[in-house]
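The residues making up each chain are set out below.
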Amino acid sequence: MVNTRAKIKKTQNTLKTCFSQASTEDTNHQSTQSGALIGSNDDLLTEILLRLPVTSIIRFKSVSKHWRWLLSHRRFTLLYDNLSKSPGLFVRGIYIPFDVENQSTPPFRTLGFYFDPRGIKIIQSCNGLLLCCSNLGQECARKYSVFNPTTKQFAMIPSVPGGQNVRRTIRFMCLAFHPTDCVHFKLVCIRSVVPNGKLFQIQVYSSDTGKWKISCESFSNSMTYRHSGVYWNGAIHWSPSCHNPLYFKIEGERLHTLPLPGNVASFGGYYDGAIPKYFGESRGHLHLVETANHENRLHLNVYEMSIDHSGWFVKYQVELDELPGAFPKMMNSYLPPSSPYYYEFDVFDVVRGEKEEDTFMVVRIPGKIIRYNVYDKSFKEVSNLTSYFREAHVNVHRYTETISSF
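Residues numbered from 1 in each chain as written. Predicted model: local features only at pLDDT ≥ 70, side-chain atom pairs only at ≥ 80, totals over all residues. Heavy atoms only, no water.

An unreviewed UniProt entry lists the protein chain under the name F-box domain-containing protein, from Deinandra increscens subsp. villosa.

And the structure:
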């Protein structure tokens, strides 16, 4: 009897083991079949990969030749870049994330170790690419480069032809790049025809040809070109700094007059090198920020340019009245409240969200960087600026993820 029960129990255990092994083998077989199905279906694989962070995309390029081909294909890069994020900005080459609670992996901590032992600085950010140049030395000795901080790809730019005498007259250098309308990046250089003169010439470099060419006849303008340009809608736009600002259309290589917002134009435009509080692009929109009225400097208008360059309209009205209460250092106690310099702040960036209610403004106040939502008026500190207390706009550049190659 005992032997019979023992045999039955042994048989049951054997059957359980067999069924368990069969179930595991069946599951593994189904997983293998599912993996093979996904791996052989590029459309399905693409849908999955589009949902992954950019660090995974870069890493998965080494999985196989087919995956590398798929992830490098223009169709995939366009789809991915269309969903790309702007997780932070660079302040004097140091990365600062917009979301301190859910920080993404920074592309790098500092640019100091790239390209030039003397160090380099960022001149401009354009749809994920950075235009950089040597940090030290005279203009005639500077080296320029284009860098993708996401993929770590970079290209050294040949010097503008004409020797040191020509390179000494460079007043402005700007990058034009977009994954759809300017696939091969271009550099636009403005130089004085004579040193320190008001007569200028434009030269354009194309990464497609690897060469510079003189673009148009010389022109005269009173703009100051010390501020970086903005590429939007197929053209380079300079931050308005005179009463008749210009923009340069890449296709056709022609200069056009850039309209000014109504309240700015009514005062005769910008004079003596004055510039807007902010001038930049986000998610295909060109923005300009100015004080809404002179009675309250904390009230701002965020203007947006019409797609046909016909004029500006007010997109957002931003009121920063709650900031001084939360951050008293914004108020300069040595000046009367009526002074235009009583409230100390700068607009570093305007970042459009995937949804309108996610749009925010990046504001520098003494010692801090603040993220301010333009819809619900909420705000929070994203960085402490104790090591670089005051920064000009020229040292602030947005980081946008892009896997496009050049």
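**So, helix α5 (residues 74–82)**
Using the following cut-off: Residue exposure (1.4 Å probe, protein chains only): buried if accessible area is under 20% of the type maximum, exposed if over 50%, otherwise partly exposed. Working definition: helices are DSSP H or I runs of at least four residues, strands are E runs of at least two. Numbering for both runs from the N terminus. Summarising the geometry, the arc corresponds to the directions from the helix axis toward the C-beta atoms. In this analysis, two residues are considered to be in contact whenever any of their non-hydrogen atoms come within 4.5 Å of each other.
All of the buried residues along α5 are F76, T77, Y80 and D81. Down the axis of α5, the buried set is contained in an arc of 120°. They therefore lie on one face. Considering only its buried residues, α5 is in contact with α2 (42–49), α3 (54–60) and α4 (65–72).

**Digging into the pairing of strand β5 (residues 144–148)**
This is how it is decided: Any two strands between which DSSP finds at least two bridges are classified as paired.
Burial analysis of β5 places 5 of its 5 residues in the buried class, the great majority of the element. Because side chains alternate across β5, one face comprises the buried residues Y144, V146 and N148, and the other comprises S145 and F147, equally buried. Sheet topology note: the strand β4 (residues 129–134)/β5 ladder contains 4 bridges and is antiparallel. When the bridges of β5 are listed, C132 appears paired with S145. Hairpin connection of β5 to strand β6 (residues 153–157): 4 residues between the antiparallel strands, including K152 at a positive phi of 70°.

**Focus on the packing of α2 against α4**
Where we set the bar: Only the stretch in contact is used when a helix axis is fitted, and all axes are lines through C-alpha atoms; the angle between N-to-C directions ranges over 0 to 180 degrees. If an angle is under 35 degrees, it is roughly parallel; if it is over 145, roughly antiparallel; if it lies from 65 to 115, roughly perpendicular; otherwise it is oblique. Handedness of a helix crossing follows the sense of rotation of the near helix relative to the far helix, less than a right angle counterclockwise being left-handed and clockwise being right-handed. Under the grouping applied here, Gly and all other residues not named as nonpolar or charged are polar, the nonpolar ones being Ala, Val, Leu, Ile, Met, Phe, Trp, Tyr, Cys and Pro and the charged ones Asp, Glu, Lys and Arg.
Packing of α2 against α4 brings their axes to within 11 Å, and their N-to-C directions diverge by 65°. As summarised for this structure, α2 and α4 are arranged roughly perpendicular, according to the angle between their axes. For the pair α2 and α4, the sense of crossing is right-handed. Across the interface between the two elements, D42, L45, T46 and L49 of α2 pack against H66, W67, W69, L70 and L71 of α4. Residues of the contact of α2 with α4, tallied by class, amount to 6 nonpolar, 2 polar and 1 charged.

**Section: the packing of α4 against α5**
Taken N-terminus to C-terminus, the directions of α4 and α5 make an angle of 55°; their axes are 5 Å apart at the nearest point. On the basis of the axis angle, α4 is oblique to α5. Touching L70, L71 and S72 of α4 are R74, F76 and T77, all from α5. Residues that form the contact of α4 with α5 fall into these classes: 3 nonpolar, 2 polar and 1 charged.

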